[in-house]
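# Fold and contact review
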Amino acid sequence: QVQLVESGGGLVQAGGSLTLSCAASVSAVDISAMGWYRQAPGKQREFVAVTTSNGNINYKDSVKGRFTISRDYAKNTVYLQMNSLKPEDTAVYYCYAEPSTYSDYSGMDYWGKGTLVTVSS
């Protein structure tokens, strides 16, 4: 099993910044992609950002230019730097990991328990 442990959520005023972290319990070679989803109250979970082991990075359109995803392969930790936060960014943020095809952990994606980000206006 792959365990993902998130940290860094909290309460921030609009315009402020937060950095989320997510550490995976397995080696980086076992994970091909790591990223973030979020779920606001009363809404469906939505994609936020992803970084893959071949260097691809994608963002939800509404966070482009404000959020930056990065991955430390030595620590197998993914980060989400969030700047210029808006009240509509308020949500529980979930880390996810997609195992490499030939990994012992392949066949399913793994999710963290989530960390709450609240942006006050």
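Note: the structure precedes this text.
What comes next concerns the included structure. (Residues numbered from 1 in each chain as written. Predicted model: local features only at pLDDT ≥ 70, side-chain atom pairs only at ≥ 80, totals over all residues. Heavy atoms only, no water.)

Side-chain alternation along strand S11 (residues 115-120) places Thr115, Val117 and Val119 on a buried face and Leu116, Thr118 and Ser120 on a face that remains uncovered. Direction of pairing for strand S2 (residues 10-13) relative to S11: parallel, over a ladder of 4 bridges. In the sheet register, valine 12 faces S11, and the bridge partner there is valine 119. Two strands pair when backbone bridges link them, and strand S9 (residues 91-99) and S11 are joined in this way by 3 bridges, in the antiparallel orientation. Counted as the bridge partner of valine 92 is leucine 116 from S11. (Buried < 20%, exposed > 50% of the residue type's maximum accessible area, 1.4 Å probe, protein only. Helix = DSSP H or I, 4+ residues; strand = E, 2+ residues; numbered from the N terminus. Pairing = 2+ DSSP bridges.)

The next subject is the side chain of threonine 51. Along the chain, the position of threonine 51 falls in strand S5 (residues 46-52). Looking at threonine 51, the relative accessible area reads 6%, which means it is buried. Residue contacts for threonine 51: discarding those within four places in its chain leaves Ser32, Ala33, Met34, Asn56, Ile57, Ile69, Arg71 and Val78. (Contact = heavy atoms within 4.5 Å.)

Below, the discussion takes up the nonpolar core. Grouped together as the largest cluster of nonpolar side chains are 28 residues, with contacts concentrated most on Leu4, Met34, Trp36, Leu80, Met82 and Tyr93. When residues of this core are traced back to their parent elements, those giving at least two are strand S3 (18-24), strand S4 (31-39), S5, strand S7 (67-72), strand S8 (77-82), S9 and S11. (Core = buried A, V, L, I, M, F, W, Y, C linked by side-chain atoms within 4.5 Å.)

Another point: the environment of proline 99. If you trace the backbone, proline 99 turns up in strand S9. C-alpha separation for the pair proline 99 and serine 21, spaced 78 residues apart in sequence, amounts to 18 Å. For proline 99, the contacting residues outside a window of four places in its chain are Asp30, Ile31, Ser32, Tyr105, Ser106, Met108, Asp109 and Tyr110.

Among the structural elements, serine 103 can be located in the loop between S9 and strand S10 (110-111). Serine 103 gets classed as buried once you look at its relative accessible area, which sits at 7%. Polar side-chain contacts of serine 103 include one of 3.2 Å to the side chain of aspartate 30. (Polar contact = N/O pair within 3.5 Å; in protein donor to acceptor, adjacent residues only side chain to side chain.)

Enumeration according to the criterion identifies 5 salt bridges in this entry. When the shortest N-O distance is used, the salt bridge between aspartate 89 and arginine 38 registers 3.0 Å. Of this pair, aspartate 89 sits in the loop between S8 and S9 while arginine 38 sits in strand S4, placing them 51 residues apart in sequence. Salt-bridge contacts for aspartate 61 lead to lysine 64; the nearest nitrogen and oxygen are separated by 3.0 Å. (Salt bridge = Lys/Arg side-chain N within 4 Å of Asp/Glu carboxyl O.)

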